[in-house]
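A structural walkthrough
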Amino acid sequence: MANHTAPITDAVAVILAAGRGSRMRSRTPKPLHRAAGMELIRFPVDLLAACGITRTVVVTGPDNADAIASVLDDRVTYAGQPEPKGTADAVACALAQLPEPPPLLVVMAGDTPLVRAESVRNLINEHTSVPGRRMTILSAPDVFADDLGRIERASVTSDGRVGAVSAIVEAASRPGFAHGPAEVNTGVYCFSGPWLAEHVGSITPAPSGELYLTALAARAADRGDDVAAIPIALADEAIGVNNREQLSAVETVLRDRINRHWMANGVTISDPATTYIDGDVSIGMDTVLLPGVILSGQTAIGEDCRIGPYSVIADSRIADRCRVAASFLEGAQLSSDVTVGPYSHLRPDASIGAGVHLGNFVEVKNSTLGSGTAAGHFCYLGDSSIGAGVNIGAGTVTCNYDGVDKHVTSIGDGAFIGSDTMLIAPVHVGAGAATGAGAVVTNDVPDARRAVGIPARLVPRKDKDRESN
Ligand code: UD1
Ligand code: CA
């Protein structure tokens, strides 16, 4: 959703993701936890790319390096931090990968998914517009967050201007600190590369033994090197994901941003509070989302659709003018003008042709339905290939499983499957053929013929084939 800007080729970005993430209390590495369906580590990578940065180094730890690489692949390069000795040590590990420090280094934590590209572009502009600037910190004013680093400034000047940055004070260094709003460190910084390379290796460890990158603010201030902090516009950008509660706070903010994005792009969302849209979803103009809709994973919805109320659509593609009510779709493909539900379940590789009608309690799995086919009432269609213009009667079951193997059912164009037909796969019902209500079809039915009974046998058709039988 971010706009891309001109590439900044003399900058390198570093994303810190080697921490243990122990506050998550999880077997899953923190960077792989998801918000709005996307792994947390994808957010800073997408953000920096949207800011025009062409080279990004991700610092990983021994426990999460493979997992992170499986998500990001070759979009970035990697630096390993053998032990999580602190954010300064992580940056040093990234610098060790570079032949020489670049003029501009953008450093950010891997666990702040709400930072917006606009804010980082402002940070870069501010940093690069001041000659001799060593460190510029993206801060957030008036935030109630006891676990973030707090920006200390020289006292407010007599004319009311806020004083210069003197330090970043970490939460661990201020026990008993009164709760209250403060200007806090978002964990996004610009550095002069050579200055950072000179100082990052000589930080005094905190009482915990950790090497804090944020100690560089006081280092710069004490030496008279130029350090500044610029506040972001939206306080929620500062939320970092250290625990599950913060993960859900991030999810809430993202959901609101995503819903507003789609409304601005011509999608009606009648109740945003109960509408959940993942970050990778796309939705066409004039589609209406009714209350209780969850669109997740790699889902694409066309134009003029009506989805909901109460539907879950995961990893599915839905073309224009479809209607889905109170149904569950996963890995399904719908052509245009399809109606589904209420209460139907489309499972992986359900491929539904144009104008198909699937009514209530219809389950479709690994099946292709041709255009104009209808299954209005409870039935199971699995491992089947069904032509166009087929009528599937209520209670029809493709009996695809013999207890050992799965078998295929095929039905030709224009066939009429009577109510409560059991199709014992592998079996074929020909084009224009018919089955009687309650038929158990164990043998193929030729084109245009009619089969009835248990097991089904061919009988003359009143309409078409009386003469030939
Ligand atoms: C850090 C900042 C804090 C800031 C906050 C913003 C420091 C010391 N503190 O605190 O000022 O307000 O981020 O969210 O930097 N990491 C490594 N290697 C390590 C340690 C951490 O790569 O040895 C990574 C983590 O995976 C994480 C990031 O650095 O992505 C920040 O570390 P974290 O422990 O979450 O720091 P915070 O306590 O949130
Ligand atoms: Ca953090």
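The structure displayed is predicted, hence computed values, not measured ones. (Residues numbered from 1 in each chain as written. Chains lettered and ligands numbered in written order. Predicted model: local features only at pLDDT ≥ 70, side-chain atom pairs only at ≥ 80, totals over all residues. Heavy atoms only, no water.)

Section: the packing of aromatic side chains
As a reminder of what qualifies: Working definition: a ring pair exists when centres of Phe, Tyr or Trp rings (six-membered ring for Trp) sit within 6.5 Å. Plane angles under 30 degrees give stacked, over 60 give edge-to-face, the rest tilted. Where helices and strands are cited, they refer to DSSP runs of H or I of at least four residues and of E of at least two residues respectively, numbered from the N terminus. Remark: exposure states derive from per-residue accessible area (1.4 Å probe, protein chains only) relative to the maximum for the residue type, with buried under 20%, exposed over 50%, and partly exposed in between. Consider the ring centre and the ring normal. A charge sits over the ring if Lys NZ or Arg CZ is within 6 Å of that centre and within 35 degrees of that normal.
Taken as a whole and assessed by the stated rule, the structure comprises two aromatic pairs. Taking the centre distance of 5.6 Å and the plane angle of 20° together, the rings of Tyr343 and Phe361 count as stacked. One end of the pair, Tyr343, is in the loop between strand E24 (339–340) and strand E25 (345–346); the other, Phe361, is in the loop between strand E27 (357–358) and strand E28 (362–369), with 18 residues separating them in the sequence. A relative accessible area of 49% means that Tyr343 is categorised as partly exposed. Classification of Phe361 as exposed rests on a relative accessible area of 53%. The aromatic ring of Tyr276 is capped on one face by Arg255, whose charged end is 3.9 Å from the ring centroid. Over the aromatic face of Tyr401 sits the side chain of Lys406, whose NZ or CZ is 5.4 Å from the ring centroid.

Points about the sheet that holds strand E37 (residues 434–435)
Spelled out, the test is: Only strands that DSSP links by at least two bridges are regarded as paired with each other.
The strand order across the open sheet built from twelve strands is E12-E15-E18-E21-E24-E27-E29-E31-E34-E37-E39-E40, with neighbouring strands paired in mixed fashion. A strand with exactly one partner marks an edge of an open sheet, and here the two such strands are strand E12 (268–269) and strand E40 (457–459). With two bridges joining them, E27 and strand E29 (residues 374–375) adopt parallel strand pairing. By the bridge assignment, Leu358 is partnered in E29 with Ala375.

Some words on helix H7 (residues 244–264)
So the rule is basically this: Here a helix's expected span is defined as the number of its residues, less one, multiplied by 1.5 Å. Pairs of residues are marked as contacts when any of their non-hydrogen atoms sit within 4.5 Å. Counted as a polar contact is a pair of N or O atoms within 3.5 Å, where, for protein atoms, one must be capable of donating a hydrogen and the other of accepting one, and residues adjacent in sequence contribute only when both atoms are in side chains.
In this model, H7 (21 residues) spans 30 Å end to end at C-alpha, consistent with the 30 Å of a helix rising 1.5 Å per residue. Within H7, burial applies to Gln246, Leu247, Val250, Val253, Leu254, Arg255, Arg257, Ile258, Asn259 and Trp262. Elements that come into contact with the buried residues of H7 comprise strand E2 (34–35), helix H1 (42–50), E12, strand E13 (276–277) and strand E14 (282–283). Regarding H7, its N-cap is Asn243, as a side-chain oxygen of that residue lies 3.1 Å from the backbone nitrogen of Glu245 further along. Once H7 ends, the next one or two residues include Gly266, with phi positive near 90°.

Points about the site of ligand 1
To keep things clear, this is the line we draw: Any residue with a heavy atom positioned within 4 Å of a molecule or strand is treated as near that molecule or strand. The Shrake-Rupley method, run with a 1.4 Å probe sphere, supplies the accessible areas, and residue values consider only the shown protein chains as cover.
What surrounds ligand 1 is a group of 25 residues, the closest being Leu16, Gln81, Gly86, Glu170 and Asn185. Within the side chain of Gln81, an N or O atom sits 2.7 Å from a nitrogen atom of ligand 1. About the coverage of ligand 1: the protein hides 90% of its 750 Å² of free accessible area. Among the elements of the structure, helix H3 (87–95) and strand E10 (182–192) are those that each provide at least two residues to the shell around ligand 1.

A closer look at a nonpolar patch on the surface
Rule in force here: For patch detection, residues must exceed 30% relative accessible area and be free of salt bridges, and they are connected within 9 Å for like charges or within 5 Å for nonpolar side chains (Val, Leu, Ile, Met, Phe, Trp, Tyr). Salt bridge criterion: a side-chain nitrogen from Lys or Arg within 4 Å of a carboxyl oxygen from Asp or Glu.
On the surface, a nonpolar cluster with roughly 370 Å² of combined accessible area is contributed by Tyr343, Phe361 and Phe378. Within the fold, Phe378 resides in the loop between E29 and strand E30 (379–386).

Regarding the coordination of the calcium ion (ligand 2)
Note the cut-off: Only nitrogen, oxygen and sulfur atoms within 2.8 Å of the metal, or 3.2 Å for Na, K and Ca, are treated as donors, and water is left out, so sites may look incomplete.
Surrounding the calcium ion (ligand 2) are the protein donor atoms Asp111 (OD) and Asn242 (OD1), which sit 2.3 to 2.4 Å from the metal. In this pair, Asp111 sits in the loop between strand E6 (104–109) and helix H4 (117–129) while Asn242 sits in the loop between strand E11 (226–231) and H7, placing the two residues 131 residues apart along the sequence. Per residue, the accessibility class of Asp111 equals that of Asn242, and both read buried.

Here's the deal with the environment of Asp402
Here Asp402 lies in the loop between strand E32 (397–399) and strand E33 (409–411). When the C-alpha positions of Asp402 and Asp271 are compared, they lie 45 Å apart, and in sequence the two are 131 residues distant. Polar contacts involving the side chain of Asp402 include one to the main-chain amide nitrogen of Asp405, which spans 2.7 Å. Within the local environment of Asp402, its side chain forms a polar contact with the side chain of His407, the two groups lying 2.7 Å apart.

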